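# Fold and geometry: a report
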Amino acid sequence: MLQSRPRFLMALCLVVGLLAATVPAGALPLVPTEVPWLIKSDNVAWHGNVPVDYAGVGGRVVDHANGGTYFYLNGGRGVTVYDIADPLTPIPVGVLEFASSQGENFVVSEDGTRGVLAADGFLPFLPNYATTGVHVIDFSDPTDPNLIATTNSLVAGRGTGLGTSEHTVMCPDVECMYAYGSSTGNIYDLTDAENGVITVLEKKWNVGIDGTAVGGRHALNRDASGLVIADSKPRVVLAVSSDWHPQASPANPIPLAQGRAADVDAGNVSHNNMRTLAEEWTARDAADPSDAIVTQAVDVIDERSTSLVDERPVLRPGELMIGTSESNINPRCSGSNGGISTWSIANFDQGKDIQQLEYFAPFNGTYVDNGAPAAQWAGCSAHWFDVTDDLYVAAAWYEHGTRFFHIGAETGTIEEVGYFQSVNGISASSYWVTDEVVYTVDGVRGLDILVFDRDADARPSTADLADSWIVTANAAGETFELAQQWRTYCRLAVTD
């Protein structure tokens, strides 16, 4: 249980953030004097910051079996459970202290009662090197999460062996009775996790159409229809249930289709993906010419986008996939850094290759003219994103903050429509809590609470958007110290 002083300090941190959020800040000038460490477009409101989980990595919006709505935020210190009955006022109600890294793509069962965390031990601070592996967490009572199974013998107290490093995991089933590891290709049987048992199956998930192992693995995503798409080279569409293939199951994934990134994006890591409107998908009839794919010429909306296909397929619901790629620890932005892209997966069920359609890259700064490289350390790269049913994307983009896009449903056009950025932030992941409220988990700031306005009249101009990619170089300075001071008080809530 959280003690009285930490509870008070956590509440104080939220109040500090909310009070600061009442100060108006416009899009231009890009560094508003009232809140000097925030840079944002007029259609994005900063509601506040909860800096308790200051080494934030990821999270999940959870509709729990108990009827409550929560946000599970994972970071360097463990997992914090926030009650988000009021999305603008997340209240911490539980915490699992478990230092690990990196913990990307923390996954949770559909009913919110089980979580699976991967740790690769990559980040250079203790005790992360000792907590590698796959870890299962019981969230039956979200106010009292508990580690119930781990592949790490040292953590489990049964020996000195460490768990095999996994960068991310994904559950191919709604109950999280199985998990796929990205680094190894392992399939973990978690059906006996309540008794502390995790079994590694002989079969691997990372097998392509030709039966050979696929490399470049970073993550996987299971969509609303139960289909899994792996972020690998090539990206692979996997059947994990008999709904998609008669022999498929979580323990026996079967590849259905695959496809590689275009040359401009080929050097980046395939980071993560989301298939849109998956539950509305219907199969095309291969024997009916009137049901065949039709194409059309498409012009890009944004000058930073590259069209990769001259004649694009006109897509139906469930045939569009959005993906990001990563090129982190890359201080200079270029036209081929990790970006966001759209893909056609039309006729994947017939074995047709999935196809990258359009690629949006960060602004290409220069050392002399605008100093963009000086503002970058982790970034010039997209990271974890989320998408609404009406195809608005909130994407974390390291030092470039949270970026908002609108995606064309039929042809996969990409249009940037807003941004939020802090000069003292490294945004790791963004999540739509409602159709308006976004949580961004930040490696420096913890949790930022944003409100996005879809009104087209409030959207920033093309010039504003271009400037926003390079402005942080001139915004740094004493604002770091100011932000650090109130963040330090909040850390007392987790160290007392």
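In this text, all values refer to a predicted model and were calculated from it rather than measured experimentally. (Residues numbered from 1 in each chain as written. Predicted model: local features only at pLDDT ≥ 70, side-chain atom pairs only at ≥ 80, totals over all residues. Heavy atoms only, no water.)

Attention now goes to the overall build of the protein. On a plain count of helices and strands, the protein comes out with four helices and 32 strands. Here the protein holds 496 residues, and 58% of them are scored as buried. A fraction of 59% describes how many contacts in the protein between residues 6 or more apart in sequence connect residues 24 or more apart. (Helix = DSSP H or I, 4+ residues; strand = E, 2+ residues; numbered from the N terminus. Buried < 20%, exposed > 50% of the residue type's maximum accessible area, 1.4 Å probe, protein only. Contact = heavy atoms within 4.5 Å.)

We now examine the nonpolar core. Within soluble globular proteins, side chains that are nonpolar generally end up buried alongside one another. In this structure, Ile322, Ile340, Phe360, Val393, Trp397, Phe405 and Ile407 are the most contacted members of the largest nonpolar core, which totals 20 residues. Secondary-structure elements contributing two or more residues to this core are β23 (320–326), β25 (355–360), β26 (385–387), β27 (392–396) and β28 (402–407). Those residues in contact with Phe360 that lie beyond four places of it in its chain are Asp302, Arg304, Ser305, Gly339, Ile340, Trp397, Phe405, Ile414, Glu416 and Trp469. With 15 residues, the next largest nonpolar core counts Val237, Leu256, Trp281 and Ile345 among its residues. (Core = buried A, V, L, I, M, F, W, Y, C linked by side-chain atoms within 4.5 Å.)

This paragraph deals with the pairing of strand β3 (residues 56–63). Here β3 pairs with strand β4 (residues 69–75) via seven bridges, running antiparallel. Its bridge partner lying in β4, Asp63 is registered against Thr69. Hairpin connection between β3 and β4: a loop of five residues separates the two successive antiparallel strands, and Gly67 in this loop has a positive phi of roughly 95°. (Pairing = 2+ DSSP bridges.)

Here the structure, examined in full by the defined rule, presents 17 aromatic pairs. An angle of 40° between the planes, with centres 5.2 Å apart, marks the rings of Trp281 and Phe348 as tilted. Pair noted here: Trp281 is in the loop between β19 (269–275) and β20 (295–297) and Phe348 is in the loop between β24 (340–344) and β25, with a separation of 67 residues, a long-range link. The residues Trp281 and Phe348 share a single accessibility class, namely buried. Through successive ring pairs, a cluster of aromatic residues spans Phe360, Trp397, Phe405 and Trp469. Against the face of Trp469 rests Arg403, its NZ or CZ located 4.0 Å from the ring centre. Across the ring face of Trp432, the terminal group of Arg454 is positioned such that the distance to the ring centre comes to 5.5 Å. (Phe/Tyr/Trp six-rings, centres within 6.5 Å; stacked < 30°, edge-to-face > 60°. Lys NZ or Arg CZ within 6 Å of the ring centre and 35° of its normal.)

Another point: the side chain of Glu166. Here Glu166 is to be found in the loop between α2 (153–156) and β11 (169–170). For the buried residue Glu166, which engages in no salt bridge, the nearest side chain bearing the opposite charge is Lys204, 7.1 Å off. Of note is the side chain of Glu166, whose polar atom sits 3.3 Å from the backbone nitrogen of Ser182. Not counting chain neighbours up to four residues away, the residues in contact with Glu166 comprise Ala118, Ala119, Asp120, Val134, Gly181, Ser182, Ser183, Thr184, Asn186 and Tyr188. (Lys, Arg positive; Asp, Glu negative; His and termini not counted. Salt bridge = Lys/Arg side-chain N within 4 Å of Asp/Glu carboxyl O. Polar contact = N/O pair within 3.5 Å; in protein donor to acceptor, adjacent residues only side chain to side chain.)

Quick look at a negative patch on the surface now. Together, Glu279, Glu280, Asp389, Asp435, Glu436, Asp453, Asp455 and Asp457 make up a region of like negative charge exposed at the surface. Structurally, Glu436 is set in the loop between β30 (427–432) and β31 (437–442). Here Glu436 falls in the partly exposed class, since its relative accessible area comes to 47%. (Patch = residues over 30% accessible without salt bridge, like charges linked within 9 Å, V, L, I, M, F, W, Y side chains within 5 Å. Areas by Shrake-Rupley, 256 points an atom, 1.4 Å probe, with all protein chains shown as cover. Charge placed at Lys NZ, Arg CZ, Asp CG, Glu CD.)

Turning to the environment of Leu38, a few remarks are in order. Mapped onto the elements, Leu38 comes out in strand β1 (residues 38–40). For Leu38 and Gly425, which are 387 residues apart along the polypeptide, the C-alpha to C-alpha distance reads 9.7 Å.

Time to look at the sheet that holds strand β7 (residues 107–108). Ordered by their spatial adjacency, four strands build an open sheet running β7-β8-β9-β10, and the pairing between neighbours is antiparallel. Both edges of this open sheet fall to β7 and β10 (146–150), since each of them pairs with a single strand only. Bridge analysis of strand β9 (residues 133–138) against β10 gives four bridges, and the strand direction is antiparallel. Residue pairing in the sheet places Ile137 in a bridge with Leu147 of β10.

Next up on the list: the environment of Ala55. With respect to the helices and strands, Ala55 occurs in the loop between β2 (44–50) and β3. We classify Ala55 as partly exposed; its relative accessible area is 26%. For Ala55 and Val441, which are 386 residues apart along the polypeptide, the C-alpha to C-alpha distance reads 8.8 Å. Apart from residues no more than four positions distant in its own chain, Ala55 is found in contact with Gly75, Gly76, Asp442 and Gly443.

Another point: the pattern of salt bridges. One pass over the structure, following the stated rule, counts 13 salt bridges. We note a salt bridge from Asp291 to Arg316, for which the minimum N-O separation is 2.3 Å. A residue pair is termed long-range when its members are at least 10 positions apart, and Asp291 in the loop between β19 and β20 and Arg316 in the loop between β22 (311–313) and β23 qualify at 25 residues. Looking at Asp291, the relative accessible area reads 14%, which means it is buried. For Arg316, a relative accessible area of 28% puts it in the partly exposed group. As a salt-bridge pair, Asp390 and Arg454 come within 2.9 Å of each other at their nearest N and O atoms. With Asp390 in the loop between β26 and β27 and Arg454 in the loop between β32 (446–452) and α3 (462–468), the pair connects residues that are 64 residues apart, well separated along the chain. The exposure class assigned to Arg454 is partly exposed, which follows from its relative accessible area of 22%. One network of salt bridges, in which partners are shared, links Asp302, Arg304, Arg403 and Glu416.

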